[in-house]
Amino acid sequence: MKTLIAWMGILVFGAGLTAFGQAMPKPEPQRTVTQVLDRALTNVEREIVPAAEVMPEDKFDYAPTDGEFKGVRTYAQQIKHVAATNYEIGAAMLQVKSPVEIGDDEAGPASIKTKAEIIQFLKDSFAYLHKAVATITPQNQVESLKSPWGQSTVTRLGLTTLIVGHCFDHYGQMVVYLRHNGIVPPASKM
């Protein structure tokens, strides 16, 4: 009888381990630095593009003017600046000339004016950045590159973390502009 109880205990314990093992998710494969950086870029893109799209076209020239806001970029200028800087950083990572006019203060091409053009410019800039990030390898991630801002050097890893931070900085400013206009940012609705 003791043997039967012992065997039943082993079977129950074994069945529990099997069930436990099936409930455990399989570990994800280890990501590369390139995949991690691209995911960070995707995360900021998923915040900033919908925020850009939600502002009505008639409010694209909005800029707060009270107090410390005097002289800040308009909503459209914020977006164009982000896009132009995305191109500037992507070109630096690829070590090529930017495919678009960066402009003074990274203002982007003067010819891009409508909401549709500005949104497309932003989306295209993120596609270009994804292309640049895809070229990052363990061998070149911290290679010294010519800085787009002068005589110093930068790295692809540093540029990618810089651009993600830059985008989130301007996303925060865009959120303020949206809220000033009574618009809830899409990311806040989730």
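Cut-offs and rules
- Every chain begins its residue count from 1, and numbering advances along the sequence as written.
- pLDDT decides what is reported in this predicted model: residues at 70 or higher carry local features, side-chain atom pairs at 80 or more are listed and counted, and totals for whole chains, interfaces and linings draw on all residues regardless.
- Note: side-chain values were computed over all heavy atoms of the structure, leaving out hydrogens and water.
- In DSSP terms, a helix is any run of H or I states spanning at least four residues, a strand is any run of E spanning at least two, and both are numbered starting from the N terminus.
- Exposure is judged per residue with a 1.4 Å probe applied to protein chains only, and the accessible area is read against the type maximum: over 50% gives exposed, under 20% gives buried, and values in between give partly exposed.
- The contact criterion used throughout is that any non-hydrogen atoms of two residues lie within 4.5 Å.
- Using a 1.4 Å probe, the Shrake-Rupley method yields the accessible areas, and only the shown protein chains count as cover for residues.
- For salt bridges, the criterion is a side-chain nitrogen of Lys or Arg within 4 Å of an Asp or Glu carboxyl oxygen.
- Put simply, two rings from Phe, Tyr or Trp (the six-membered ring, in Trp's case) pair if the centres are within 6.5 Å, and we call them stacked under 30 degrees between planes, edge-to-face over 60, tilted for the rest.
- Between N or O atoms, a polar contact is any pair within 3.5 Å; within protein, one atom must be a potential hydrogen donor and the other a potential acceptor, and residues adjacent in sequence are included only when both atoms are from side chains.

(A) Focus on the overall build of the chain. When helices and strands are counted, the chain shows five helices and two strands. Within the chain, the fraction of its 190 residues that count as buried is 37%. Considering only intrachain contacts with a sequence separation of at least 6, the fraction spanning at least 24 residues in the chain is 69%. Carbon together with sulfur atoms contributes 60% to the accessible area of the chain, which is approximately 11400 Å² in total.

(B) Structural view of the pattern of salt bridges. Evaluation of the coordinates by the stated rule reveals four salt bridges. Its salt-bridge partner being glutamate 53, residue lysine 123 comes within 3.0 Å of it at the nearest N-O pair. Here the residue lysine 123 occupies a position in helix α4 (residues 115-133), and glutamate 53 occupies one in helix α2 (residues 33-54), the gap between them amounting to 70 residues. A residue is classified by how much of its surface remains accessible, and lysine 123, at 33% relative accessible area, is partly exposed.

(C) The packing of aromatic side chains, seen in detail. Applying the stated criterion across every chain, the model contains six aromatic pairs. The interplanar angle of 90° and the centroid separation of 5.8 Å between the aromatic rings of tyrosine 62 and tyrosine 177 together place this pair among those described as edge-to-face. Here tyrosine 177 lies in helix α5 (residues 156-180) and tyrosine 62 lies in the loop between α2 and α3 (75-94), a separation of 115 residues in the sequence. Here tyrosine 87 and tyrosine 128 contribute two aromatic rings whose centre-to-centre distance is 5.2 Å and whose plane-to-plane angle is 35°, an arrangement assigned as tilted. Placement of the pair is tyrosine 87 in helix α3 and tyrosine 128 in helix α4, with a sequence separation of 41 residues. The exposure class assigned to tyrosine 87 is buried, which follows from its relative accessible area of 7%. These aromatic residues form a ring-pair network of at least three members: Phe60, Tyr62, Tyr75 and Tyr177.

(D) A look at the side chain of threonine 34. Looking at where threonine 34 falls in the secondary structure, it is placed in helix α2. Here isoleucine 136 takes part through its backbone oxygen, which lies 2.4 Å from a polar atom of the side chain of threonine 34. Not counting chain neighbours up to four residues away, the residues in contact with threonine 34 comprise Val133, Ala134, Ile136 and Thr137.

(E) Fine view of the environment of valine 154. By the secondary structure assignment, valine 154 is in strand β2 (residues 153-154). The buried category is assigned to valine 154, whose relative accessible area is 16%. Along the backbone, valine 154 and serine 144 are ten residues apart, and their C-alpha atoms lie at a distance of 5.6 Å.

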